[in-house]
Structures are given as C-alpha cells and as structure tokens.
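# Understanding the architecture of this molecule
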Amino acid sequence: MLAATASLLLLRLPEDSATGPAARASVATRRVLLAGWPVYLTSAAAMTMLSPAELVLPALLEDRHISVSWAGPLLLGFALAGAAGALCYGTRSWPGSARVQSLVLLTVTAGCVGLIAVLPGLWGIATGLLLAGVFQSGVMITRNLSLRKRLPEHAHAGAYSVMYAAGGAGYSLTAVLSAVVLSVASPAAALTGGVAVALVATAVSALAEHGGFAVHPVDAPPRAPLRLRDLMRLSTGRRTTSGRQRDRRADGRGQ
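All values reported here derive from a predicted model rather than from experimental measurement.

### Overview of the overall build of the protein
Looking only at helices and strands, the protein has eleven helices and zero strands in total. Written out in order from the N terminus, the α and β elements of the protein read α-α-α-α-α-α-α-α-α-α-α. Residues counted as buried form 37% of the 255 residues belonging to the protein. Taking as baseline every contact in the protein between residues at least 6 positions apart, the subset at least 24 positions apart corresponds to 77%. A total accessible area of about 14,500 Å² is found for the protein, and carbon and sulfur atoms account for 67% of it.

Below, the structure written as structure tokens:
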C-alpha cells in the first residue's frame, strides 16, 4: 500500500519545462492514471484481507488445538468457493453500478473474514472461509469492471498494472504486519487487524469518490459554452455567415 501511494505521488510531481506534443501527452496519461486511485485503493484493501486469512490460518488452527493439516483442505475450499462465486455473479445482472457492488462486496467479505476470528471450532473457520471466498471473487470482478468503466480504453493497460501493484503492496504489507502481531498477540488479533485495515481503506476509497476528492480524467478539452447570441440564432433560425455565403454562391451559379 505504501508502494502504491508512493507511485501515485510520483505521478503528481510537476513536469519539467519541456513542451510539445510528447510532454502534453505524458501529462495527460499521468492524469488519466491518477483518476483510478480509488479503485487502486480498493484492490489494496481486498488483498489486505486475503493476506492474513491465508497466512495466519495455520497459526489459528494451532491456537485452537486443531490439526494444522486442515489448512490445505480449508484453502482448497476457499478457492472453490471463489470459483462458484464468480460463476454466480456472471449468471445474472445485479443492482447498482460495478463500483457500488465492489464496495458492498468488499465490506461483506471483511465481515466474513472477521467470522473466522470469532466463530469457534473447525466448522466456524470453514464457514467464514467459504463465505469469504464467494464474496471475494465478486470483489475481484467488480474491481476490474469499475476500473474499466472509469478510465478510457487507451489507459487500461497501465491502469491495470498500477492496480495489481497496489494489490501486491497491500498483501505484502499486511503479511509483514501479521507476523509482527503474531509475535505479541493471538492469531485472531492478527486477522482482526487485517479486517480493520481493509475497512479503513474501503471507507477512504468510498469517501474520496463520493466526496469530490477523486481526480477525473480529461480526454478532450471541454467545449465552449453557447453564448446568448448563439442560442438566439438557433431559436430564430437565422443563418450564419458561412451559410449566407453558400447561398450567394448558389445564386451566382443559378444566374
């Protein structure tokens, strides 16, 4: 997450004094990529939850006096639940935009991961993991759809690279923090910490987009507003100067 934030800050550094089409294109590309930063933060939040759910699982099983060998079947069930969730999402259309769906599914996934830390026994852990897998796949799909809809087509390749880099940064950062927490607290506390970080990142992403703090891409210069005389000409049907010239040329050819 820190690496993704640093990369976004680098994109906002002022350009040098070079001018010309190449310099203007570079500035436009950077602005377009910056416009997707709420989605990048969502990607980091999703991987922030996934990291402790996968890496802390053996320690959680051992802490609850369950055989660590169950970690493999549980993670297999998590992956299969993700595949089932992706198929379920694609079978029909769902209400709301892809961005709203992504935020809702991410919040629900955080709750399911939190169940792993709360529910007792093997079946409690399995229930939380299976539900998290179902909703996590929806988060991944809607995250990609949100970025695709938010940015123009020519920026998709670079934007997806930044998004996956942000996800990897979130996963790595939470893995390190989970190791630190495990040295001083229980595995359940490490899971809860990952969920809390993910929820904070989700809230920041939602507030940034709906509170007017998001950067919007500019693909083309805005059109000049219509002046009063333009509106009067359109409403009264008056001919423009170029139109009158074409009429005079047509009359001359007729004569």
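Back to the write-up after that little detour.
### Overview of the nonpolar core
Formed by 33 residues in total, the largest nonpolar core has its most connected members in Leu 57, Leu 61, Leu 74, Ile 125, Leu 129 and Leu 191. In contact with Leu 61, other than residues within four places in its own chain, are Ile 66, Ser 67, Val 68, Trp 70, Ala 71, Leu 74, Leu 122 and Ile 125. Listed in part, the eleven residues of the second largest apolar core include Val 32, Ala 35, Val 39 and Met 163.

### Looking at helix 8 (residues 156-182)
With 27 residues, helix 8 extends 38 Å between its outermost C-alpha atoms, agreeing within 8% with the 39 Å of an ideal straight helix rising 1.5 Å per residue. Regarding helix 8, the residues found buried are His 156, Ala 159, Met 163, Ala 166, Gly 167, Ala 169, Gly 170, Thr 174 and Ser 178.

### Looking at a nonpolar patch on the surface
A contiguous nonpolar surface patch, about 200 Å² in accessible area, is contributed by Val 100, Val 104 and Val 108. Mapped onto the fold, Val 104 is located in helix 6 (residues 98-118). Judged by relative accessible area, which is 47%, Val 104 ranks as partly exposed.

### Let's talk about the environment of Leu 75
Locating Leu 75 in the fold gives a position in helix 5 (residues 71-90). Look at Leu 75 and you get partly exposed, because its relative accessible area is 30%. It is 9.0 Å that separates the C-alpha atoms of Leu 75 and Ala 126, two residues lying 51 residues apart in sequence. Discounting chain neighbours no more than four positions away, the residues touching Leu 75 are Glu 54 and Leu 57.

### Describing helix 5
Its 20 residues place the ends of helix 5 29 Å apart at the C-alpha level, agreeing with the 28 Å of an ideal helix rising 1.5 Å per residue. Those residues of helix 5 that sit buried are Ala 71, Leu 74, Gly 77, Phe 78, Ala 81, Gly 82, Gly 85 and Tyr 89. Viewed along the axis of helix 5, the buried residues span an arc of 145°, placing them on a single side of the element. Away from its buried face, by an angle of more than 90 degrees, helix 5 presents the exposed residues Leu 80, Leu 87 and Gly 90.

### Here we look at the packing of aromatic side chains
Note on aromatic pairs: each is described by the distance of the centres and the angle between the planes. Counted under the stated rule, the structure contains two aromatic pairs. Arranged with centres 6.4 Å apart and planes meeting at 15°, the rings of Tyr 89 and Trp 94 form a pair that is stacked. Overall, the relative accessible area of 16% leaves Tyr 89 in the buried class. Between Tyr 160 and Tyr 164, the aromatic rings sit 6.5 Å apart at their centres with planes inclined by 25°, giving stacked as the arrangement. A residue pair is termed a helical-turn pair when its members lie 3 or 4 positions apart in one helix, as Tyr 160 and Tyr 164 do in helix 8 at four residues. Residue classification places Tyr 164 among the partly exposed residues on the basis of a relative accessible area of 47%. Its guanidinium or amino end placed over the ring of Trp 94, Arg 92 lies 4.3 Å from that ring's centre, counting from NZ or CZ.

### Observations regarding the confidence of the model for the protein
Of all residues in the protein, 71% have pLDDT values of 70 or greater, and the mean over the chain is 77. Of all helices and strands in the protein, the one with the weakest mean pLDDT is helix 10 (residues 228-236) (45), whereas helix 5 scores best (92). Low pLDDT, under 50, characterises residues 230-243; the stretch is placed with seven contacts to residues that sit more than four places away or in other chains.

### Section: the environment of Ala 86
With respect to the helices and strands, the residue Ala 86 is situated in helix 5. A C-alpha to C-alpha distance of 8.9 Å links Ala 86 and Met 140, two positions 54 residues apart in sequence. In this structure Ala 86 touches Ser 137 and Ile 141, once residues within four positions along its chain are discounted.

### Describing the packing of helix 7 (residues 121-150) against helix 8
Put simply, helix 7 and helix 8 touch, their axes get as near as 10 Å, and they point 140° apart. It follows that helix 7 is oblique to helix 8 by the angle criterion. For the pair helix 7 and helix 8, the crossing hand works out as right-handed. Mapping the contact onto sequence places Arg 143, Asn 144, Leu 147 and Arg 148 in helix 7 and His 156, Ala 159, Tyr 160, Met 163 and Tyr 164 in helix 8. Residue composition of the contact of helix 7 with helix 8, grouped by class: five nonpolar, two polar and two charged.

The rules behind the values
- Residues numbered from 1 in each chain as written.
- Predicted model: local features only at pLDDT ≥ 70, side-chain atom pairs only at ≥ 80, totals over all residues.
- Heavy atoms only, no water.
- Helix = DSSP H or I, 4+ residues; strand = E, 2+ residues; numbered from the N terminus.
- Buried < 20%, exposed > 50% of the residue type's maximum accessible area, 1.4 Å probe, protein only.
- Contact = heavy atoms within 4.5 Å.
- Areas by Shrake-Rupley, 256 points an atom, 1.4 Å probe, with all protein chains shown as cover.
- Core = buried A, V, L, I, M, F, W, Y, C linked by side-chain atoms within 4.5 Å.
- Expected span 1.5 Å × (residues − 1).
- Patch = residues over 30% accessible without salt bridge, like charges linked within 9 Å, V, L, I, M, F, W, Y side chains within 5 Å.
- Salt bridge = Lys/Arg side-chain N within 4 Å of Asp/Glu carboxyl O.
- Arc of directions from axis to C-beta.
- Phe/Tyr/Trp six-rings, centres within 6.5 Å; stacked < 30°, edge-to-face > 60°.
- Lys NZ or Arg CZ within 6 Å of the ring centre and 35° of its normal.
- pLDDT = per-residue confidence, 0-100.
- Axes fitted to C-alpha atoms, helices over the stretch in contact; angles between N-to-C directions.
- Parallel < 35°, antiparallel > 145°, perpendicular 65-115°, else oblique.
- Left-handed = near helix turned anticlockwise from the far one by under 90°.
- Nonpolar A, V, L, I, M, F, W, Y, C, P; charged D, E, K, R; others polar.

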